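Structural characterization, general
The primary structure of each chain is shown beneath.
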Amino acid sequence: MVEYDPFAWETAHNPYPVYRQLRDEAPVYHSERHSFWALSRYDDVIAGHLNTDDFSSAEGVTIEGMEKGAPFLILKDPPEHAAHRRIVGRLFTPRRIAQLEPFIRQTAADMLDALRDADRFDVVEDFSFRLPLDVISELIGIPLSYRESIHQLSDRIKDRNETGRMSEDAMNAALELAVLLTELVRERRASPGDDVITLLMNTPVEEEDGSTRMLTDDELAGRFLELAFAGHETVASLIPNGVVALTWFPDARRELVADPSLMANAVEEMLRWDPPSHYQGRTTTRAVRVRDTVIPAGQRVILVTAAAVHDERQYPDPDTFDIHRDIDRHVSFGFGRHLCLGASLARLETRVAFEELLKRFPDFSIDETGVERHININVRGLSKLPLIVESRAAV
């Protein structure tokens, strides 16, 4: 009998064996201990993402639902979701994302060049944790004077206790970051500028009845908190997960060093092979039949996307990291209405990060004695990943 406990250390360390059991033995799994249901097959996860009428995000997107009531876009259902998404979507137009590439590349290059004389460095602490924070700050228009505080608070927010739940200090840091961003919004309210914060401040949101209003300071701060943390944590976890993949599959790394044009598809495979976000939580608004099981109304359901992207029914030989794999519909960034707004930015950051990393450090190995896993029940990443490297002159 399969037992799936997202809070267990064994699950955090390697969830993929239990994911296979879920898909094979209990594709509609019920945990009486933690009061949730889990869908793990690719087709069921896709259907769950698309069915926002029966699977609501409003009650929270984690098992605990501690985020319920927060002014986050991810917690809004249609039709309110669409109106708010249109506003934030102004940040992620193809033109705006493309304009960021030179900044991303220069920032990544500067960080890695500072490590050129080292024979080892920590790819998390020295690179993947810092890069996305600088990028999202540049996108939003957060002043340089705020960025160091945001770095420090984000570092504290990622702290979890032994069960994967947020520590007390992490929750305090999240509140402090919300206060800091609210102060920034109020500062811009008093002194508008030619930046994204002012743009969103002056963009009306259309209500369901057709009326319009402006976002409040708290709502704006909530948007920026969501962007700053979610946008950061995804890339900060994806890069080290990708480094592990290229260590376990050195032939793929050698191909990418020889032909960087393969990197875009390699990033897609990194997202599939070990995605940063492992599940998205929903709550049933009414009784829902999935396969031969009826899930009652008011039940927490988690769509286990990390299990879905290893479903043999969709991806042959799913445990193999294959940079040539053809990936049709990707669910690692969510799907449907709640597809991650920053997905294109995360892809760009990760592609550039690996292009610059492999240009300088084509040969590396992991110092296994220093590896530490970041324990978070729905985000899989590493807090420390020391690399032993051999550098070469940048091209």
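Here's a quick rundown of the structure. (Residues numbered from 1 in each chain as written. Predicted model: local features only at pLDDT ≥ 70, side-chain atom pairs only at ≥ 80, totals over all residues. Heavy atoms only, no water.)

Scanning the protein from terminus to terminus reveals 15 helices and 14 strands. Here the protein holds 395 residues, and 56% of them are scored as buried. Roughly 16900 Å² of accessible area belongs to the protein as shown, and the carbon and sulfur atoms make up 50% of that amount. (Helix = DSSP H or I, 4+ residues; strand = E, 2+ residues; numbered from the N terminus. Buried < 20%, exposed > 50% of the residue type's maximum accessible area, 1.4 Å probe, protein only. Areas by Shrake-Rupley, 256 points an atom, 1.4 Å probe, with all protein chains shown as cover.)

Considering the arrangement of structural elements, one finds Tyr-279 in the loop between helix H13 (263–273) and strand S7 (280–284). Tyr-279 sits 273 residues away from Pro-6 along the chain, and the two C-alpha atoms are 9.9 Å apart. Engagement of the side chain of Tyr-279 in a polar contact is seen with the backbone nitrogen of Ile-63, the distance being 3.0 Å. (Polar contact = N/O pair within 3.5 Å; in protein donor to acceptor, adjacent residues only side chain to side chain.)

Of the two faces of strand S11 (residues 363–366), the one lined by Phe-364 and Ile-366 is fully buried and the one lined by Asp-363 and Ser-365 carries no buried residue. Bridging between S11 and strand S14 (residues 386–390) involves 4 bridges; their strand directions are antiparallel. Residue pairing for S14: Asp-363 is matched across the bridge by Glu-390. (Pairing = 2+ DSSP bridges.)

Time to look at the pattern of salt bridges. In this structure the tally under the stated criterion is 28 salt bridges. Among the salt bridges present, the one from Glu-101 reaches Arg-351, with a minimum N-O distance of 3.4 Å. Of this pair, Glu-101 sits in helix H5 (residues 94–113) while Arg-351 is found in helix H15 (residues 343–360), placing the two residues 250 residues apart along the sequence. Where salt bridges share partners, they join Glu-101, Arg-105, Asp-113, Arg-116, Arg-351, Glu-355, Glu-356, Lys-359 and Arg-360 into one cluster. (Salt bridge = Lys/Arg side-chain N within 4 Å of Asp/Glu carboxyl O.)

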